[in-house]
Amino acid sequence: MTATALLLLIVGLALIGWLTARARATRLQGVGGKRLHSLPGQHGWYVAMWVAVPALVFLAFWSWLSPQLVNDAVLATPQAQSLPAAGFERSAILGEARNLAGTEGLGAFNPEAEVLAPVFDGYMTSYAWIGTAIAVLLAFAGGAFAYTRIATDFRARTRVERAVMLALLVASLIAILTTLGIFLSLLFESARFFSIVPITDFLSGTNWAPQVINPADPGADLGAVPLFWGTFFIGAVIAMLVAIPFGLMSAIYLTQYAAPAVRKWMKPILEILAGVPTVVYGYFAALTVGPAIRDLAVSLGFTFASSESALSAGLVMGVMIIPFVSSMADDSIAAVPTSMRDGSLAMGATTSETIGRVLLPAALPGVVAGVLLAVSRAIGETMIVVMAASGAATITLNPFDSATTVTKQIVDLLTGEAEFNSPKTLAAFALGLTLFVITFLLNIVALRVVKKYREAYE
Amino acid sequence: MNSPIVAQSLAGGHEPAERAPTDWKTQSMQRRIRRRYAAERRFRLLGLAAVTISAGFLAFLLWTMLSNGLAGFSRTEVRLPLNFAAMNLDVTPDQLGRRGADLALAGAGLQNAVGAAAVEAFGAEGERYISDSAWVTVREAVKDDPSLLTKQATITVPASSDIHTAATEDATPETEAAAAMLTQRGALTSGFNWTFLTGADSTDPTAVGIWGALKGSFLTMLVTLALAFPIGVLSAIYLEEYAPRNRWTDLIEVSINNLAAVPSIIFGLLGLAVFLGTFNMPRSAPIVGGVTLALMIMPVIVIAGRNAVKAVPPSIRDAALGVGASRIQVVFHHVLPLALPGILTGTIIGMARALGETAPLLMIGMRAFISTAPDDLTSPATVLPVQIFLWSDQVSRGFVEKTSAAIIVLLMFLLAMNALAIYLRNRFETRW
């Protein structure tokens, strides 16, 4: 039975439980002159809960456990005795046999896998049936237990509401779990990486050549400084040189000068810029902007101009960030009390003088926080740099030169055919950890600034 | 924060009380005013320029995609005369009704026969005028009408990329000449490219389609919605309605705000290390992609949900409590229905973000070449943005228009979702 069908079966059983329990509770109403403590529907929910929850918990557990059980069972059969001893080949054959099981007519790469496939198929089917049987049994047992407890003075409502509260709490804990999962998985893989490559080599080395790692001294080829520089140069310098002036001036124009009708239309139009998928920007950068910038560089006399320049990636990324900066600036300008603006205007200052000397200084913390968030977003941005930036790690100040970033390298390192334990693959997690820590700090600082600043005017 | 401004205004207050009134008519004063007004105009123009250039960039982007991509929706076709009777295909008509028809026709050498027919019809270069997948069109036609096998027929097959390029825009002189020759013989037609909507990935740009990627996107979004919506709504309710103010709830709040700003590729690393590495979930599958994206957009839904729940006035809760509802009933019978439009708006915006996301899906292996549409949540699949990414790497000119056409489809979906979100917000916005 497929997982979907089983899920539907359990939901169906829970529905039946809900209906029967509610019917029984309705019949109890008024029997013996006593009022029901809980509403019939609440009794229904109580039974449905007992039907579904144990079965579903078991299924989650079983789907994690059963592949291991199947593996063990297959390994114990006589057909599996001819397998090579533990190692890569053995797991490859087992994996292939597992994939072959259940499909028909496909040939196998390994003859052993072909032999093992039907064995796998048999055990997978039988373990799936065992799981189904136990799940259905649990559903009935739970339902029966709950059904017998229905009585006039049974406090079904209390129980159900307690369960709902538990669900609410669990749902909100998932955010913490995710954060913890991200942090721990990055930390764990990075620790393995740093046991191979010294952390000092990684953080201070200037040679990044992961394609040809020397096994004797992996640290010499895995110095990440060029990546950090490239990320900073593209995301925090070039992109911000585009995003800050355009974003800030747009926000100023739209809040201070534009007619309400213009503002009403232009603001969403600018926000579309942030909603365009980054893969589209990346394609645009690679197809149109990159070659155009190369031609420009050649006409300026740069002989080794590349179409994968830092400038094309940074420029397009800057455009993507414009609405981000402008809406943050918009918010913080709007938060400046009108009395300050009116006061300045009443003194005879022009609007631009008011903006430059009163509104912007007052809104500065908010604008700075917005810029920090924008930087954090730019250095975490992936697709634009994957498609438009170069793979060559160089430390350069020339925007027409090629540069690479942390995110591009993560993608490059993890989409090859490397096995999971090589320093090459693990390096991606170390880069991920660095990226996570940097963006985390930027976000924390920015959020602090925003919070403090918001309170100042309230 | 605002101390410099306060200091300035205080300093202004200490100026000497008597001062000769400013004579605005003097030349220097007039010049000063003119300068200030000019600066004002310049500043204003600068602002207008910033807005216009930003919007102009968007227009340029959309125009580039449209002008490149519209050709992807049409295709050039060649009317190819085929003499099936002379081909001596070793296929009996009753073989064609069965499931092995494709195999039988391929085994009978249909592909070579179609190529030979093109050479016979259009000269030695003829085979290069029709698409590599032209024989598939012929195969389908034969399957539809087995009686074709005994007679002559003219079948419209897709033209090769070169001919298509020559027919729609500039190309090399040779292909231009070939296209002109075909046009002169009345063999060249153009039609709507249905293959683009119904096919999946392929190595031949004339045979590619987005259906596989669209279906993959749909399945992935289904998982994302099924996980992110309930989790997001439940935690928004908990944080806004029940959570005590203590260190735990502060921690939850900090994690949610932080998760909202974590780069998406980090979620991909999480998916790779935890879902693929630890839980052994299937690679490239919509279920893994969906779970990863759900974790990514969950904070968006929580934040939107909290704002929507917060906006429901306390009087509603008080009234419900007053007539004896329990706290759970207050929330699920009264607060949640009133907050739902706001939550839905946030959910749609989050889903739009998930639909356009590429980087985390690359990490969990959804970049494989997959030439069939996925059947279920665990079969290998690709999604629309990843498909765009994969096609963008292809050097063939035919893929440029296909990539842009796929981008048009993706942008249309996103615009539709955003429009729906705006509509919901305007339609159900309540002022209490």
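An unreviewed UniProt entry lists chain A under the name Phosphate transport system permease protein, from Sphingomonas qomolangmaensis. The Function (unreviewed entry) comment attached to chain A in UniProt states, word for word, "Part of the binding-protein-dependent transport system for phosphate; probably responsible for the translocation of the substrate across the membrane."

Engineer: It is not clear to me how the overall build of chain A should be interpreted in this structure. Could you clarify?
Structural biologist: The helix and strand inventory of chain A stands at 15 helices and zero strands. Relative to the globule expectation of 23 Å for 458 residues, the C-alpha radius of gyration of chain A, 31 Å, shows a markedly less compact shape. Dimensions of chain A, computed from C-alpha atoms along their principal axes, come out at roughly 85 × 75 × 40 Å. Here chain A, with 458 residues, has 46% of them falling under the buried criterion. Of the roughly 21400 Å² of accessible surface on chain A, 68% is carried by carbon and sulfur atoms. If you average the places of the 26 positive and of the 27 negative side-chain charges in chain A, the two averages end up 21 Å apart.

Engineer: Would you mind going over the overall build of chain B with me for this structure?
Structural biologist: In terms of helices and strands, chain B carries 19 helices and three strands. Its C-alpha atoms put chain B at 110 × 75 × 40 Å along the principal axes. Residues counted as buried form 50% of the 432 residues belonging to chain B. Looking at chain B alone, contacts between residues at least 24 apart form 76% of all its contacts between residues at least 6 apart. Counting 34 positive and 33 negative side-chain charges, chain B places the averaged centre of each group 15 Å from the other.

Engineer: Sorry, what's going on with unusual backbone geometry here?
Structural biologist: With the exception of glycine, the majority of residues adopt a negative phi angle, and the majority of peptide bonds are in the trans configuration. Residue and element names in this part refer to chain B. Of note, Ser284 is a non-glycine position whose phi angle comes to about 60°, a positive value. Note that Ser284 resides in the loop between helix H13 (264-278) and helix H14 (286-311). Judged by its relative accessible area of 8%, Ser284 is buried.

Engineer: Quick question: what am I supposed to make of the side chain of A:Thr152 here?
Structural biologist: By secondary structure assignment, the location of A:Thr152 is in the loop between helix H4 (111-148) and helix H5 (156-196). Beyond its immediate sequence surroundings of up to four residues, A:Thr152 is in contact with A:Leu28, A:Lys34, A:Arg35, A:Leu36 and A:His37.

Engineer: Any chance you could explain the environment of B:Ala85 here in plain terms?
Structural biologist: Residues and elements named next belong to chain B. With respect to the helices and strands, the residue Ala85 is situated in helix H3 (residues 84-87). Given the relative accessible area of 42%, Ala85 is considered partly exposed. As for Ala85 and Arg35, which are separated by 50 residues in sequence, their C-alpha atoms are 89 Å apart. Setting aside residues no more than four positions away along its own chain, Ala85 makes contact with Leu149, Thr150 and Lys151.

Engineer: How do you make sense of the nonpolar core when you look at a structure like this?
Structural biologist: Inside soluble globular proteins, nonpolar side chains tend to come together where they are buried. A:Trp208, A:Tyr281, A:Ile321, A:Ile410, A:Leu431 and B:Ile266 are the most contacted members of the largest nonpolar core, which totals 185 residues. If you tally residues by element for this core, the top one is helix H7 (residues 225-257) of chain A, at 16 residues. With 36 residues, the next largest nonpolar core counts A:Ala25, A:Leu36, A:Ala97 and A:Ala156 among its residues.

Engineer: I'm lost on the packing of aromatic side chains in this one. Help?
Structural biologist: Describing an aromatic ring pair means giving the distance of the ring centres and the angle of the ring planes. Residues and elements named next belong to chain A. In total, this model carries 23 aromatic pairs over all chains according to the counting rule given. Judged by centre distance (5.5 Å) and plane angle (15°), the ring pair of Trp229 and Phe233 falls under stacked. With Trp229 and Phe233 both in helix H7, this residue pair falls four residues apart, about one helical turn. Its relative accessible area of 23% is what places Trp229 among the partly exposed residues. Each residue in the set Phe58, Trp62, Tyr123 and Tyr127 is aromatic and connected to the rest through ring pairs, giving one cluster. The ring of Phe324 carries Arg377 above its face, with NZ or CZ at 4.7 Å from the centroid.

Engineer: Quick question: what am I supposed to make of the pattern of salt bridges here?
Structural biologist: Pairing is possible between side chains of opposite charge, provided their charged atoms come close. Residues and elements named next belong to chain A. Within this structure, the stated rule accounts for 13 salt bridges over all chains. For Arg192, the salt bridge identified is with Glu189, shortest N-O distance 3.3 Å. Pair noted here: Arg192 and Glu189 are both in helix H5, with a separation of three residues, about one helical turn. Judged by relative accessible area, Arg192 falls into the partly exposed class, the value being 27%. With a closest N to O distance of 3.7 Å, Asp295 and Arg294 form a salt bridge. What makes Asp295 partly exposed here is its relative accessible area of 45%. Judged by relative accessible area, which is 31%, Arg294 ranks as partly exposed. Linked through salt bridges whose partners overlap, the residues forming this network are Arg263, Lys267, Glu271 and Asp330.

Engineer: What exactly am I supposed to notice about the domain arrangement of chain A here?
Structural biologist: When the parts of a complex come together, some accessible area is lost, and that lost area is often taken as the interface size. By the assigned domains, chain A splits into domain 1 (3-154) and domain 2 (210-457). Averaged C-alpha coordinates put domain 1 of chain A and domain 2 of chain A at centres separated by 48 Å.

Engineer: So what exactly am I meant to see when it comes to the interface of chain A and chain B here?
Structural biologist: If you look at the interface, chain A gives 81 residues, while chain B gives 72 residues. If you sort the residues of chain A by the area they bury against chain B, A:Leu168, A:Tyr283 and A:Phe284 come out on top, with a joint share of 10%. The interface formed by chain A and chain B includes one salt bridge. Residue B:Arg36 is joined to A:Glu353 by a salt bridge in which the shortest nitrogen-to-oxygen separation is 2.8 Å. At the surface where chain A touches chain B, the tally comes to eight residue pairs in polar contact (both at pLDDT 80 or more). Here the residues of the side of chain A that touches chain B are counted per class, giving 56 nonpolar, 21 polar and four charged.

Engineer: Explanation requested: a nonpolar patch on the surface in the structure shown.
Structural biologist: Residues and elements named next belong to chain A. Taken together, Leu177, Leu180, Phe183, Leu184 and Leu187 make up a surface patch of nonpolar side chains, about 450 Å² in accessible area. Residue placement: Phe183 occurs in helix H5. On the accessibility criterion, Phe183 (35% relative accessible area) is partly exposed.

Engineer: Mind showing me how you'd approach the confidence of the model for chain B here?
Structural biologist: The predicted structure's coordinates, where accompanied by low pLDDT, should not be read in detail. All names here are of chain B. Mean pLDDT over chain B works out to 84, with 93% of the residues at or above the 70 mark. No element of chain B has a lower mean pLDDT than helix H1 (residues 3-13), which averages 48, and none a higher one than helix H15 (residues 314-322), which averages 94. A low-confidence stretch, residues 1-11 stays under pLDDT 50, and its non-local contacts, those more than four residues away or across chains, total seven contacts. Per the prediction output, this complex has pTM 0.86; the corresponding ipTM is 0.87.

Engineer: Can you help me understand the sheet that holds strand E1 (residues 74-83) of chain B in this one?
Structural biologist: By definition, the strands of a sheet pair up through backbone hydrogen bonds, in either a parallel or an antiparallel sense. All names here are of chain B. The three strands are arranged E2-E1-E3 in an open sheet whose pairing can be described as antiparallel. Each edge of the sheet is formed by a strand with only one pairing partner; in this case those strands are strand E2 (152-158) and strand E3 (188-192). Ignoring which end each strand starts from, the neighbouring axes of this sheet average 35° apart. The strands touched by helix H7 (residues 134-144) within the sheet are E1 and E2, with E2 carrying the most contacts at an inclination of about 135°.

Engineer: How should I be thinking about a positive patch on the surface in this particular structure?
Structural biologist: Residues and elements named next belong to chain B. A cluster of basic side chains, namely Arg31, Arg32, Arg34 and Arg35, defines a positive patch on the protein surface. Structurally, Arg34 is set in helix H2 (residues 27-73). What makes Arg34 exposed here is its relative accessible area of 53%.

Engineer: Where do I start with the packing of helix H6 (residues 110-122) of chain B against H7(B) in this structure?
Structural biologist: Packed helices, taken two at a time, are described by the angle between their axes plus the distance between the axes. Residues and elements named next belong to chain B. Look at H6 against H7: their axes get within 9 Å of each other, and the N-to-C directions meet at 110°. Considered as vectors, H6 and H7 are oriented roughly perpendicular to each other. Contacts between H6 and H7 involve Leu110, Gln111 and Val114 on the former and, on the latter, Trp135, Val138 and Arg139. Of the residues contributing to the contact of H6 with H7, the split by class is four nonpolar, one polar and one charged.

Engineer: Help me understand the packing of H2(B) against helix H19 (residues 397-428) of chain B in this model?
Structural biologist: All names here are of chain B. At a minimum axis separation of 7 Å, H2 and H19 run at an interaxial angle of 110°. The orientation of H2 relative to H19 falls into the category roughly perpendicular. In terms of crossing hand, the pair formed by H2 and H19 is left-handed. From H2, Leu62, Met65, Leu66, Asn68, Gly69, Leu70, Ala71, Gly72 and Phe73 reach across to H19, where they touch Arg397, Val400, Glu401, Lys402, Ser404, Ala405, Ile407, Ile408, Val409 and Leu411. Tallied by class, the residues present in the contact of H2 with H19 amount to 12 nonpolar, four polar and three charged.

What counts and how
- Residues numbered from 1 in each chain as written.
- Chains lettered and ligands numbered in written order.
- Predicted model: local features only at pLDDT ≥ 70, side-chain atom pairs only at ≥ 80, totals over all residues.
- Heavy atoms only, no water.
- UniProt positions renumbered as here; feature names shortened; annotations may be inferred.
- Helix = DSSP H or I, 4+ residues; strand = E, 2+ residues; numbered from the N terminus.
- Rg over C-alpha atoms; globule rule 2.2 N^0.38 Å.
- Buried < 20%, exposed > 50% of the residue type's maximum accessible area, 1.4 Å probe, protein only.
- Areas by Shrake-Rupley, 256 points an atom, 1.4 Å probe, with all protein chains shown as cover.
- Lys, Arg positive; Asp, Glu negative; His and termini not counted.
- Charge placed at Lys NZ, Arg CZ, Asp CG, Glu CD.
- Contact = heavy atoms within 4.5 Å.
- Core = buried A, V, L, I, M, F, W, Y, C linked by side-chain atoms within 4.5 Å.
- Phe/Tyr/Trp six-rings, centres within 6.5 Å; stacked < 30°, edge-to-face > 60°.
- Lys NZ or Arg CZ within 6 Å of the ring centre and 35° of its normal.
- Salt bridge = Lys/Arg side-chain N within 4 Å of Asp/Glu carboxyl O.
- Domains from an automatic or database assignment.
- Buried area = accessible area lost by both parts, 1.4 Å probe.
- Polar contact = N/O pair within 3.5 Å; in protein donor to acceptor, adjacent residues only side chain to side chain.
- Nonpolar A, V, L, I, M, F, W, Y, C, P; charged D, E, K, R; others polar.
- Patch = residues over 30% accessible without salt bridge, like charges linked within 9 Å, V, L, I, M, F, W, Y side chains within 5 Å.
- pLDDT = per-residue confidence, 0-100.
- Pairing = 2+ DSSP bridges.
- Axes fitted to C-alpha atoms, helices over the stretch in contact; angles between N-to-C directions.
- Parallel < 35°, antiparallel > 145°, perpendicular 65-115°, else oblique.
- Left-handed = near helix turned anticlockwise from the far one by under 90°.

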